Amino acid sequence: PAVDVSLLVLWDDGDDNLCEQRSPGWHAREVMALRSLAGSSSLVLAGHSQSVDSARLVSSGWLRLIARGRDKNRLGVARVVTLADDPATRPERGAIRVPHVAWQVIHDAIRSGPVLVQVARSGYVTALVCQQCREPAACSVCSGPLGSDPGVDGVTCRWCGELVRQWSCASCGQTRLRPVSVGSTRTAADLARAFPDVPVRTSGRASGVIDRIGSEPAIVVATVDAEPVADGGYQGAVLLDGSALLARTELRSEEQTVRRWFNVMALVRGADQGGKVAVTMDPTHRAVQALVRMDPIGWAARELDDRRETGLPPVTRSLTVTGEQPSVADFLTRADLDPGWRVLGPVPVPVAASSTPARTIPMDSVGPTGGQRVRVLVLAPIADGPRLATAAKAALSATADRGSPAHLHIRIDPTTLL
């Protein structure tokens, strides 16, 4: 409703929270771009890193890049240390969740101020596998993933809440479990034992998000995007679970990880004040190297080149159609899709962040009438975006005119392609 707007500024446009989850699923970046085109207002996208979407707009000439050089980016920021900086690191020690270099950063930094530890998940032990065969530990009632909580005698299903006191592997019969996903609660407990004289706090969905902390020594264990601001900045930070964040089966997993890492860098004091950030994953990974070189723009440009080679968003317009298989098939039949557009699928709707065995059908994959839900992805050139939207709208109207509920969920340019 604002009128005569002269400047539109969007901070951290890669943040998923800027995309409306309800229909029609607009993104703040797209809304502001349309407002800028419709009027005489200027548009600024700013942040500590660059999204691939904004990199495409810069590459097309629609936006102009305003950024410091890489050498200037290093001024006033913390020093990044990796496993390669630890002479005691051996290849087999790469699997250690909190390696020596991370403990050393915490030990040195805690003398002068607060330390931030970023983790991927909340909770205690959020996923378990068989000690013998590494088969995911599944609930015998609903086949959901099993996890453990402090003070509970046994393991608990993360779906139905079933308490399992005596578990045995359905594949090999082994009764011992091995944690593969450790959450913020377990991490905080381990750090509290290692640093008994230092207060340890958690910030996240389970324990509550902390907005700000003081400048006195403390350890804050925070899940991604729940990191509080410290007065005067953190003296040090440790980025855990990078491999878990990058291993997600989602197109933007690396982009989101890079964004979250650079946001943490901005919370830590500069190297001139002794600030350090430890990254506990493969130091040769290009996401880690982007952090070491303080080059988020170079990373975004390389990622954009990869998207061009594969024809994936944001170099194309995308349409996802989710619903029961007959309804999706009917929609595609009625849609006037260009023969040159790519249609990928249908594929079963996955359950995010679950360790469900492939032989089971998750409850989230079952539609309102009991049929299995599937998803189809349609990719079209950027210039064909209006045609893609018109085709989707016409097909949806034709399906609705039949008088039978289609139970379809349709999104254009969704932030996630899962």
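The structure this text deals with has already been given above.
Caption draft 1: Fine view of the packing of helix α7 (residues 253-265) against helix α9 (residues 296-310). Between α7 and α9, the least distance of the axes is 11 Å, while the angle of their chain directions is 175°. One way to sum up the angle between α7 and α9 is to call them roughly antiparallel. Across the interface between the two elements, Glu 254, Glu 255, Val 258 and Phe 262 from α7 touch Pro 296, Trp 299 and Arg 307 from α9. For the contact of α7 with α9, the per-class residue count stands at 4 nonpolar, no polar and 3 charged.

Caption draft 2: Highlighting unusual backbone geometry. Along the chain, Pro 313 connects to Pro 314 via a cis peptide bond; the corresponding omega equals 10°. Tracing the backbone shows Pro 314 in the loop between α9 and β16 (316-324). Gly 345 connects to Pro 346 through a cis peptide bond whose omega is 10°. Topologically, Pro 346 is positioned in strand β17 (residues 342-348). Notably, Asp 4 is not glycine yet its phi reads approximately 55°, a positive angle. Residue classification places Asp 4 among the exposed residues on the basis of a relative accessible area of 78%.

Caption draft 3: Broad picture of the sheet that holds strand β7 (residues 155-157). Taken together, 3 strands build an open sheet; the order of strands is β6-β7-β8 and the sheet is antiparallel. The open sheet has two free edges, formed respectively by β6 (146-147) and β8 (163-164), since each of these has just one partner strand. When β7 meets β8, the two strands line up antiparallel, connected through 2 bridges. By the bridge assignment for β8, Thr 156 is matched with Leu 163.

Caption draft 4: Summary view of the side chain of Ser 41. Locating Ser 41 in the fold gives a position in the loop between α1 (28-38) and β2 (42-46). For Ser 41, the contacting residues outside a window of four places in its chain are Val 5, Ser 6, Leu 7, Leu 8, Arg 35 and Ser 36.

Caption draft 5: Region of the structure containing α7. Look at α7: 19 Å from first C-alpha to last across 13 residues, which is about the 18 Å you get at 1.5 Å a residue. With 13 of its 13 residues buried, α7 lies for the most part within the structure.

Caption draft 6: Quick peek at the pairing of strand β14 (residues 236-239). Side chains of β14 alternate between two faces, with Gly 236 and Val 238 and Ala 237 and Leu 239 buried alike. Where strand β4 (residues 115-119) meets β14, 4 bridges bridge the pair, whose relative direction is parallel. Looking across to β14, one finds that Gln 118 is bridged to Leu 239. Judged from the 4 bridges that link them, β14 and strand β15 (residues 276-279) form a sheet pairing that is parallel. Opposite Ala 237, over in β15, you have Val 277 as the bridge partner.

Caption draft 7: Fine view of the nonpolar core. One finds Leu 116, Tyr 234, Trp 261, Met 265, Val 279 and Leu 291 to be the most contacted residues of the largest nonpolar core, which totals 34 residues. Mapped onto this core, the elements with two or more residues apiece are α2 (52-59), β12 (219-223), β14, α7, β15, α8 (286-292) and α9. In terms of residue count, the dominant contributor to this core is α7 (5 residues). Ignoring any residue separated from it by four or fewer positions in sequence, one finds Leu 291 in contact with Val 80, Leu 239, Trp 261, Phe 262, Met 265 and Val 279.

Caption draft 8: Spotlight on the sheet that holds β16. What the 4 strands build is an open sheet, ordered β17-β18-β16-β19; its pairing is antiparallel. Whereas interior strands pair on both sides, the edge strands pair on one side only; in this sheet they are β17 and β19 (409-412). Strand-to-strand twist of the sheet, defined as the mean angle between neighbouring strand axes without regard to direction, takes the value 15°. As paired elements, β16 and β19 share 4 bridges and run antiparallel to each other. By the bridge assignment, Thr 320 is partnered in β19 with Arg 411. The sheet contacts of helix α10 (residues 325-334) involve β16, β17, β18 (373-381) and β19, and relative to β16 the element is tilted by about 140°.

Caption draft 9: Up close: the environment of Pro 145. Along the chain, Pro 145 turns up in the loop between β5 (125-130) and β6. Under the relative-accessibility criterion, Pro 145 is labelled buried at 6%. C-alpha separation for the pair Pro 145 and Cys 160, spaced 15 residues apart in sequence, amounts to 9.6 Å.

Here is what the cut-offs are and how they apply
Residues numbered from 1 in each chain as written. Predicted model: local features only at pLDDT ≥ 70, side-chain atom pairs only at ≥ 80, totals over all residues. Heavy atoms only, no water. Axes fitted to C-alpha atoms, helices over the stretch in contact; angles between N-to-C directions. Helix = DSSP H or I, 4+ residues; strand = E, 2+ residues; numbered from the N terminus. Parallel < 35°, antiparallel > 145°, perpendicular 65-115°, else oblique. Contact = heavy atoms within 4.5 Å. Nonpolar A, V, L, I, M, F, W, Y, C, P; charged D, E, K, R; others polar. Buried < 20%, exposed > 50% of the residue type's maximum accessible area, 1.4 Å probe, protein only. Pairing = 2+ DSSP bridges. Expected span 1.5 Å × (residues − 1). Core = buried A, V, L, I, M, F, W, Y, C linked by side-chain atoms within 4.5 Å.

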